[in-house]
Amino acid sequence: MNKHLPLWEVFLRSRRGLEHKHVGSLHAADPEQAMQYARDVYTRRMEGCSIWVVLANDIHASQEAEGEAFFDPAEDKVYRHASFYDVPDDLKL
Amino acid sequence: MEISSLEESRREAIFQARVDAEEKIEPKDWMPEAYRKNLIRQISQHGHSEVVGQLPEGNWITRAPTLRRKAVLLAKVQDEAGHGLYLYSATETLGIAREELMEQLLTGKAKYASIFNYPTLSWADVGAIGWLVDGAAIVNQISLCRTSYGPYARAMVRICKEESFHMRQGYEIMTVLARGSQEQKAMAQDALNRWWWPTLMMFGPHDADSAHSGSSMKWKIKRQSNDELRQKFVDQSVAQAQHLNLKIPDEKLKWNDERGHYDFGEIDWDEFTAVLGGAGPCNHERLEARRIAHEQGDWVRDAMFAHAEKQRQRDVRKTA
Ligand SMILES: [Fe+2]
Ligand SMILES: [Fe+2]
């Protein structure tokens with residue numbers, strides 16, 4: 001048989017209170033197996049207390065080529081940052 | 001100039017500017033075909049080395065002298081399997097399938113580090129491998145943490161975090177043997193004698209003879225040259241050998257005040273070429289072991305597919 005095992009992306013919460021973070025990927029036939037592999041490969045030294053596995057095919061990504069046009073609108077809106085505003089230094093605003 | 005090639009050189013300029021600015025290249029970025037190819041070759045070769053590298057040490061798991069040593073060696077070899085996975089995953093982001101990578105290894109099309117074609121004849125070899133081979137790998141991999149390709153750099157950071165335990169457990173084995181009976185000390189010296197030169201070969205040909213060095217440095221795939229890294233390894237190893245009271249098998253090894261480095265003898269490049277070309281003591285055995293492991297894993301993969309399929313159908317029936 002020469003079927004390809006699907007690709008899964010692995011996300012770990014390293015400690016309670018922190019968000020899950022992408023740590024890598026692996027191939028597995030189903031979610032249970034992906035979960036076991038993720039535990040074996042990515043948490044051998046207590047790197048995490050919670051794991052998400054997500055089929056890579058289910059992730060929709062922004063396109064790098066359209067990156068500029070897609071993210072540009074935020075660039076000229078400096079007034080969204082606190083540092084844009086002049087306020088007296090001594091007032092602790 | 002045609003529009004397409006104009007566009008190509010514009011993209012290439014953007015790419016090189018990004019590399020020069022120490023920004024990482026990510027999988028979906030445009031990249032020169034030669035950069036992609038060069039990376040696939042280097043990262044997969046690195047991954048294959050991790051995977052095949054399990055074999056020489058795996059040879060001693062059942063015969064480790066104590067339960068502690070056995071647990072440590074198991075954990076170390078398991079780490080190497082993980083390193084293989086990180087690196088295969090990084091290679092796959094460049095658009096090549098895992099199955100194709102496996103195929104390239106098993107047909108001998110892809111290379112792996114020549115060091116793993118040497119046999120592990122005694123328990124001291126497990127110590128020498130951890131100390132020297134993992135030590136050399138660390139020197140190389142620390143440098144590669146700054147490589148320009150994002151997924152490769154991230155894999156290197158993860159691997160480096162795990163490697164120092166490998167080197168330390170090896171050095172600890174050497175320490176115990178070197179301070180033990182006459183026979184144990186002789187065993188340690190013999191292991192050092194056999195592993196020293198093949199370890200120096202791990203850094204690859206001299207810079208002047210290295211086929212891929214030029215573009216690799218320009219694209220910042222490699223950050224330091226083979227000779228630089230080799231020198232770094234020699235410099236750090238001398239004191240470590242002295243502490244063990246063992247002698248590095250090189251008559252020409254001598255501190256050079258002017259250079260601020262140790263001078264050392266010439267590597268036997270004929271041996272290097274021969275072992276890389278398949279004529280090492282264990283080339284055949286290593287690939288055969290991989291081939292058998294892969295074949296014997298077939299039914300497991302089949303069963304996994306069958307189970308997943310059954311599970312899926314059960315879910316469909318439940319929701320129907
Ligand atoms: Fe490793
Ligand atoms: Fe290692």
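Provided above is the structure to which this section pertains.
Numbering of residues begins from 1 in every chain and follows the order in which that chain's sequence is written. Chain letters start at A and ligand numbers start at 1, both assigned in the order the entries are written. Since the coordinates come from a predicted model, pLDDT governs what is reported: local features require at least 70, and pairs of side-chain atoms require 80 or more to be given and counted, while whole-chain, interface and lining totals use all residues. The side-chain quantities take in all heavy atoms of the structure and omit both hydrogens and water.

**Student:** I'm lost on the overall build of chain B in this one. Help?
**Tutor:** The secondary structure content of chain B amounts to 13 helices and two strands. Projected onto the principal axes, the alpha-carbon positions of chain B cover approximately 70 × 60 × 35 Å. The buried label goes to any residue with under 20% of its type's maximum accessible area, the exposed label to any with over 50%, and the partly exposed label to all in between, with areas taken from a 1.4 Å probe on protein chains only. Out of the 320 residues belonging to chain B, those deemed buried represent 48%. We call two residues in contact when some of their heavy atoms are within 4.5 Å. For chain B, the share of sequence-separated contacts (at least 6 apart) that also reach a separation of at least 24 residues comes to 78%. Here, Shrake-Rupley sampling with a 1.4 Å probe gives the accessible areas, and only protein chains in the shown set may cover a residue. Carbon and sulfur atoms provide 55% of the accessible area of chain B, an area that totals close to 15,800 Å². If you average the places of the 43 positive and of the 46 negative side-chain charges in chain B, the two averages end up 6 Å apart. Each helix is a run of H or I in the DSSP string that is no shorter than four residues. Each strand is a run of E no shorter than two, and both are numbered from the N terminus. Neither His nor the chain termini are counted; the positive set is Lys and Arg, and the negative set is Asp and Glu. For the purpose of locating charges, the reference atoms are NZ of Lys, CZ of Arg, CG of Asp and CD of Glu.

**Student:** Before we go on, may I ask you to explain the interface of chain A and chain B in this structure?
**Tutor:** Across the boundary between the two partners, chain A contributes 22 residues, which contact 20 residues of chain B. Summed over both partners, the interface of chain A with chain B comes to about 2,000 Å²; 54% of that surface belongs to carbon and sulfur atoms. Salt bridge, as used here, is a side-chain nitrogen of Lys or Arg placed within 4 Å of a carboxyl oxygen of Asp or Glu. Taken together, the connections running from chain A to chain B amount to four salt bridges. The partner of E162 of chain B in a salt bridge is R44 of chain A, with the nearest N and O atoms 3.1 Å apart. Pairs of N or O atoms are called polar contacts if they sit within 3.5 Å, as long as, within protein, a hydrogen donor faces a hydrogen acceptor (for residues adjacent in sequence, only side-chain-to-side-chain pairs). Here chain A is connected to chain B by eight residue pairs in polar contact (both at pLDDT 80 or more). When contributions to the side of chain A that touches chain B are tallied by element, the ones reaching two or more residues are β2 (20-27) and α1 (31-42) of chain A. Counting residues per element, the side of chain A that touches chain B draws most heavily on α1 of chain A, which supplies five residues. All amino acids are sorted into three groups, where Ala, Val, Leu, Ile, Met, Phe, Trp, Tyr, Cys and Pro are nonpolar, Asp, Glu, Lys and Arg are charged, and the leftover types, Gly among them, are polar. Its residues assigned to classes, the side of chain A that touches chain B shows nine nonpolar, six polar and seven charged. The term buried area denotes the loss of accessible surface (1.4 Å probe radius) that occurs when two parts are joined, taken as the sum for both partners.

**Student:** Mind showing me how you'd approach the coordination of the iron ion (ligand 2) here?
**Tutor:** Residue and element names in this part refer to chain B. Each metal's donors comprise the N, O and S atoms found within 2.8 Å of it (within 3.2 Å for Na, K or Ca). Water is not part of the atom list, so some coordination spheres may appear incomplete. Ligation of the iron ion (ligand 2) by protein atoms is provided by E80 (OE), D134 (OD), E163 (OE) and H166 (ND1), these donors lying 2.0 to 2.3 Å from the ion. Sites are called tetrahedral only when four donors show all angles between 85 and 135 degrees, square planar or octahedral only when four or six donors show opposite pairs over 155 degrees and all other angles between 65 and 115, and irregular in any remaining case. What the four donor atoms of the iron ion (ligand 2) show is an angle range of 83 to 169 degrees at the metal, which sorts the shape as irregular. On the primary sequence, the residues serving as donors to the iron ion (ligand 2) are separated as E-x53-D-x28-E-x2-H.

**Student:** Can you help me understand the nonpolar core in this one?
**Tutor:** Nonpolar side chains in soluble globular proteins tend to end up buried together. Think of a nonpolar core as a cluster: buried Ala, Val, Leu, Ile, Met, Phe, Trp, Tyr and Cys residues, connected wherever their side-chain atoms sit within 4.5 Å. Grouped together as the largest cluster of nonpolar side chains are 87 residues, with contacts concentrated most on L26 and Y42 of chain A together with Y35, W131, Y149 and W195 of chain B. A per-element tally of this core places helix α6 (residues 123-144) of chain B first, with twelve residues. Ignoring sequence-local partners within four residues, the contact set of W195 of chain B consists of I115, Y118, P119, T120, D125, A128, I129, L132 and V133 of chain B. Counting five residues, the second-largest nonpolar core is a separate cluster that includes L5 and A29 of chain A together with M304 and F305 of chain B.

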